[in-house]
Amino acid sequence: MPADDGAFKTRLSTKGQVVLPKEIRRRRGWAPGAELVIEETPRGVMLRPAHVFPKTRIEDVAGMLHQPGMKPATLGEMDEAITAAVLERHARGRH
């Protein structure tokens, strides 16, 4: 239940665990097993979802931008390729 100022209260367990109120988990779409990042800020502690993909540098993928002799893909072709990859990952249980 929210406190008077709209914030939620919780308690730190003896194991250092904090229970996130169900309403916050529901609004954020955080299910059991969600990976979160805890960051200390000047105003307190911030909790946010972890990056699903590792950070990538442009130097690591620049060769994918253009290959001589290859026709650029259309947006439709890109959408189809992305959809196919998502469906394939989902079928393997990696979503």
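These figures come from a predicted structure and were not determined experimentally.

The rules behind the values
Residues numbered from 1 in each chain as written. Predicted model: local features only at pLDDT ≥ 70, side-chain atom pairs only at ≥ 80, totals over all residues. Heavy atoms only, no water. Helix = DSSP H or I, 4+ residues; strand = E, 2+ residues; numbered from the N terminus. Rg over C-alpha atoms; globule rule 2.2 N^0.38 Å. Buried < 20%, exposed > 50% of the residue type's maximum accessible area, 1.4 Å probe, protein only. Contact = heavy atoms within 4.5 Å. Areas by Shrake-Rupley, 256 points an atom, 1.4 Å probe, with all protein chains shown as cover. Pairing = 2+ DSSP bridges.

Asks: Sorry if this is basic, but what is going on with the overall build of the protein chain here?
Replies: Along its length, the protein chain carries three helices and two strands. Each helix and strand of the protein chain, placed in order from N terminus to C terminus, yields the pattern α-β-β-α-α. For 95 residues, the compact-globule estimate of 2.2 N^0.38 gives 12 Å, and the C-alpha radius of gyration of the protein chain, at 21 Å, exceeds that figure by more than 25%. For the protein chain, the C-alpha atoms occupy an extent of roughly 65 × 30 × 30 Å along the three principal directions. When burial is assessed residue by residue, the protein chain has 2% of its 95 residues classed as buried. Sequence-distant contacts in the protein chain: of pairs separated by 6 or more residues, those separated by 24 or more amount to 2%. On the protein chain, roughly 9300 Å² of surface is accessible, and the fraction owed to carbon and sulfur atoms is 59%.

Asks: So what exactly am I meant to see when it comes to the pairing of strand 2 (residues 44-49) here?
Replies: Successive residues of a regular strand alternate their side chains across the two faces of the sheet. Both strand 1 (residues 36-41) and strand 2 contribute to a ladder of six bridges, which runs antiparallel. Following the sheet pairing, valine 37 is matched in strand 2 by arginine 48. Linking two consecutive strands that pair antiparallel, namely strand 1 and strand 2, is a turn of two residues.

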